[in-house]
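Analysis of the macromolecular model
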Amino acid sequence: MRLTEFNERVVLRFGAAYGASVLVDHVLADFGGRTAAQAIEDGVDPREVWRALCVDFDVPRDQW
């Protein structure tokens, strides 16, 4: 997954304002306590970050 697709999915699922907050405020336990933005900045594949967000926010599996 490219970063642009990741960002599109975040906006579609959470909205622009809340999505931006989710990326910088929500801590992902699967990535050592980093936020989604930190994980991506550290080189984690956006697809893995998206899946972790989906799990944490109970996104229906067909939207992963």
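Residues numbered from 1 in each chain as written. Predicted model: local features only at pLDDT ≥ 70, side-chain atom pairs only at ≥ 80, totals over all residues. Heavy atoms only, no water.

In this structure, Asp58 is a non-glycine residue whose phi angle is positive, near 50 degrees. If you trace the backbone, Asp58 turns up in the segment after helix H4 (46-56). (Helix = DSSP H or I, 4+ residues; strand = E, 2+ residues; numbered from the N terminus.)

With their axes 7 Å apart at the nearest point, helix H1 (residues 3-14) and helix H2 (residues 16-25) run at an angle of 120 degrees to one another. Relative to H2, the element H1 lies oblique. Note that H1 runs across H2; the crossing there is right-handed. Facing H1, whose interface residues are Phe6, Asn7, Val10, Val11 and Phe14, H2 presents Ala16, Tyr18, Gly19, Val22 and Leu23. Looking at the contact of H1 with H2, its residues break down into eight nonpolar, two polar and no charged. (Axes fitted to C-alpha atoms, helices over the stretch in contact; angles between N-to-C directions. Parallel < 35°, antiparallel > 145°, perpendicular 65-115°, else oblique. Left-handed = near helix turned anticlockwise from the far one by under 90°. Contact = heavy atoms within 4.5 Å. Nonpolar A, V, L, I, M, F, W, Y, C, P; charged D, E, K, R; others polar.)

A few words now on the pattern of salt bridges. Should their charged atoms come close, side chains of opposite charge can pair. If you walk through the whole model with that rule in mind, you get two salt bridges. For the salt bridge of Glu5 with Arg9, the shortest nitrogen-to-oxygen distance reads 2.8 Å. Linking Glu5 with Arg9, this pair stays in helix H1, spanning four residues, or about one helical turn. Overall, the relative accessible area of 30% leaves Glu5 in the partly exposed class. You can call Arg9 partly exposed: its relative accessible area is 25%. With a shortest N-O distance of 2.9 Å, Asp42 and Arg34 are connected by a salt bridge. (Salt bridge = Lys/Arg side-chain N within 4 Å of Asp/Glu carboxyl O. Buried < 20%, exposed > 50% of the residue type's maximum accessible area, 1.4 Å probe, protein only.)

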